[in-house]
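A closer look at the structure
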Amino acid sequence: MEVGFGGRPVILWLALAAAAAALGSVLGLGEDLDRPLFGPPGSPIRLQAGDPGLVKALGFAEDHYNRGSNAMHLRKVSRFISASKQLVKGIRYTITVEVSNTQCKKSTMLRTCDFYPEAQKLKTELCMFEVWDIPWQGTSTLLKQKCQPKVERQVEETNKVEVSSTSQPLEESVELLGQFKEFMVKYNKMYSSQEEADRRLRVFHENLKTAEKLQSLDQGSAEYGVTKFSDLTEEEFRSTYLNPLLSQWTLHRPMKPATPAQGPAPASWDWREHGAVSSVKNQGMCGSCWAFSVTGNIEGQWFLKNGTLLSLSEQELVDCDGLDQACKGGLPTNAYEAIEKLGGLETEADYSYTGKKQSCDFATKKVAAYINSSVELPKDEKDIAAWLAENGPVSVALNAFAMQFYRKGVSHPLKIFCNPWMIDHAVLMVGYGERKGTPFWAIKNSWGEDYGEQGYYYLYKGSNACGINKMCSSAVVN
């Protein structure tokens, strides 16, 4: 898997540009800060061989290469091919060079080491290094090292056009096609034409690069990679499965603050173990996450007050909530108000989910659960944990950028990937705990059981990751 980025929404570019400007004097990037930082609509910044930062990064990579090599002789860069840099909470260098044997043994400490004059003793390799440098911390990390023997072009005494070796690109193409075919089979993907299949393959390839970048820079224990969303561009994913209204803060109406928890939070808590959480559901190709988040919360509140766990209807909200926009998004605050006005929620069995807006078919006589009001939780994660353990699962919202490629583990994306003010997905927080010392929130998602860990997403707890603390609320059932 290679590293890179697909397109990002315009608002994210603006946020990144602002962050870059603040770091400019520290990083010494100068006019480069005005250039795009990542992939399309921008591109990495190409570097010349003499760039001071590149020289430092290449020296670091060369040193790591030699320390990890079993070769007797010291090996050095014999030819510079290309290099670029990107700003990723520091500077990420991607470097392609040729590395060859010198006449110096590793045990010697000579100032100069000449290359072998004989070509067969050089044993030249083509290498790609990725170095992540954080100048203000004085740290560098080798993210990736990939080397292969250089294949010299063979000149035959014929009139045929000479062709350079393409063995590695072919191998990578075969591997990519294999991954894509496996993805299509696993998730039952069908495309309307060969052109569409080719386009989806290109998107799939770019998404592999994005997943690898998330993987290499994640601060938790998450595994990112191929998911059922891997053939979607970020814009397609956002417009189909996410909720743009959540980040429009001017739309949010004020809520009554929740009564604080009576005691501190226990070390861990999971409402699944206490019968307050229904099975994972699937919102389908509809931006109705807000409805699933709210019904999940009300299912828990009703259970705690009445001792019965019901699966409540999201479709009722999609069809009958006139304050929200059905599959185009909505706000939990509006949903609570709509439920109060309607008089309650029907069960999933009585008002089943279709994943598209229909005419409202609500029947008062079929109401299975009602609410009396709703409250907003505090913004401190310790207070949220204490309230959750005492009062039930909580409706929350977060930035879901990393969720498109999440497979398992505790996700802890860098803030630059997971801006806490760009919230775009509503979910249900059902508990918290630790895995091998890493604290997490247990989050019930609404993308089916074939997403993440049996439908759940685990997010780092303690750093307000992805804005998880900004929009916590609950219905109140008296």
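Given the structure is predicted, the values throughout are model-derived calculations rather than measurements.

So, about the overall build of the protein chain. Broken down by element type, the protein chain carries 10 helices and 16 strands. With 478 residues in all, the protein chain has 51% of them scored as buried. Here the protein chain displays about 23,100 Å² of accessible surface, and carbon together with sulfur accounts for 52% of that area.

This next bit is on the confidence of the model for the protein chain. Per-residue confidence for the protein chain gives a mean pLDDT of 85, with 85% of residues at or over 70. Low pLDDT (under 50) marks residues 1–43, which in the prediction has 82 contacts with non-local residues, meaning those over four places away or in another chain. Confidence over residues 153–168 falls short of pLDDT 50; this stretch has 7 contacts with residues more than four positions distant or in other chains.

Another point: the sheet that holds strand S2 (residues 73–87). Read from one edge to the other, the open sheet built from 5 strands follows the order S1-S2-S3-S4-S5, with strand pairing classed as antiparallel. Looking along the sheet, the strands with just one partner apiece sit at the ends: strand S1 (45–46) and strand S5 (139–149). Relative to strand S4 (residues 125–134), strand S3 (residues 91–105) runs antiparallel, the two sharing 9 bridges. Its bridge partner being in S4, Val 99 is matched across the sheet by Glu 125. Each of S2, S3, S4 and S5 is contacted by helix H2 (residues 52–67), which is oriented at about 135° to S2, the strand it contacts most. Most of the contacts of helix H5 (residues 194–217) go to S5, to which it runs at about 135°, and overall it touches S2, S3, S4 and S5.

Attention shifts here to the pairing of strand S15 (residues 456–460). Taken residue by residue, a regular strand's side chains alternate between the two faces of the sheet. For S15, a buried count of 4 out of 5 residues is recorded, marking the element as mostly surrounded by other parts of the structure. Judged from the 2 bridges that link them, strand S12 (residues 410–411) and S15 form a sheet pairing that is parallel. Each residue of the ladder has a partner; that of Val 410, found in S15, is Tyr 458. With 5 bridges connecting them, strand S14 (residues 438–444) and S15 associate as antiparallel partners. Opposite Ala 442, over in S15, you have Tyr 458 as the bridge partner.

Okay, helix H9 (residues 332–342) next. Taken as a whole, H9 has its buried residues at Pro 332, Thr 333, Asn 334, Ala 335, Tyr 336, Ala 338 and Ile 339. Buried residues along H9 sit against helix H7 (289–306), helix H8 (315–320), strand S9 (373–376), strand S10 (394–398) and strand S16 (473–476). At the C-terminal side of H9, Gly 343 shows a positive phi close to 110°.

So, about the pattern of salt bridges. Going through the model one piece at a time under the given rule, you end up with 23 salt bridges. A salt bridge links Glu 223 to Lys 408; its shortest N-O distance comes to 3.8 Å. Remark: Lys 408 occurs in strand S11 (residues 406–408) and Glu 223 occurs in strand S6 (residues 223–224); sequence separation between them is 185 residues. You can call Lys 408 partly exposed: its relative accessible area is 44%. A salt bridge links Arg 253 to Glu 337, with the nearest nitrogen and oxygen atoms 3.0 Å apart. With Arg 253 in the loop between helix H6 (234–241) and strand S7 (256–257) and Glu 337 in helix H9, this pair connects stretches of sequence that are 84 residues apart.

As enumerated under the stated definition, the model contains 5 disulfides in all. In this model Cys 320 forms its disulfide with Cys 360; the gap between the sulfur atoms is 2.0 Å. The sign of the 95° torsion about the S-S bond sets the Cys 320-Cys 360 disulfide as right-handed. Of this pair, Cys 320 sits in helix H8 while Cys 360 is found in the loop between H9 and S9, placing the two residues 40 residues apart along the sequence. Covalently, Cys 418 is tied to Cys 466 through a disulfide, its sulfur atoms 1.9 Å apart. Taking the torsion about the S-S bond as the criterion, the Cys 418 to Cys 466 disulfide, at about 115°, is right-handed. With Cys 418 in the loop between S12 and strand S13 (425–435) and Cys 466 in the loop between S15 and S16, this pair connects stretches of sequence that are 48 residues apart.

So, about the environment of Cys 360. Exposure remark for Cys 360: the relative accessible area of 42% places this residue in the partly exposed category. Taking the C-alpha atoms as reference, Cys 360 lies 8.7 Å from Asp 321; in sequence the two are 39 residues apart.

Quick look at the packing of H7 against H9 now. Between H7 and H9, the shortest axis-to-axis distance is 9 Å and the interhelical angle comes to 60°. The angle between H7 and H9 falls in the class oblique. Seen from above, H7 lies across H9 with right-handed handedness. Note on element contacts: H9 touches H7 through Pro 332, Ala 335, Tyr 336 and Ile 339, opposite Trp 290, Val 294, Asn 297 and Ile 298. Classifying every residue of the contact of H7 with H9 by side-chain character gives 7 nonpolar, 1 polar and no charged.

Moving on: unusual backbone geometry. Residues other than glycine seldom take positive phi values, yet Lys 436 does so here, at roughly 50°. Tracing the chain through its elements places Lys 436 in the loop between S13 and S14. Note on Lys 436: relative accessible area 89%, which makes it exposed. Backbone geometry places Cys 466, a non-glycine residue, at a positive phi of 60°.

Before going further, it helps to examine H6. Those residues of H6 lying buried are Glu 234, Phe 237, Thr 240 and Tyr 241. For H6, the angular spread of buried residues about the axis comes to 145°, placing them on one side. Where the residues of H6 are buried, they touch S13.

Calculation rules
Residues numbered from 1 in each chain as written. Predicted model: local features only at pLDDT ≥ 70, side-chain atom pairs only at ≥ 80, totals over all residues. Heavy atoms only, no water. Helix = DSSP H or I, 4+ residues; strand = E, 2+ residues; numbered from the N terminus. Buried < 20%, exposed > 50% of the residue type's maximum accessible area, 1.4 Å probe, protein only. Areas by Shrake-Rupley, 256 points an atom, 1.4 Å probe, with all protein chains shown as cover. pLDDT = per-residue confidence, 0-100. Contact = heavy atoms within 4.5 Å. Pairing = 2+ DSSP bridges. Axes fitted to C-alpha atoms, helices over the stretch in contact; angles between N-to-C directions. Salt bridge = Lys/Arg side-chain N within 4 Å of Asp/Glu carboxyl O. Disulfide = S-S within 2.5 Å. Parallel < 35°, antiparallel > 145°, perpendicular 65-115°, else oblique. Left-handed = near helix turned anticlockwise from the far one by under 90°. Nonpolar A, V, L, I, M, F, W, Y, C, P; charged D, E, K, R; others polar. Arc of directions from axis to C-beta.

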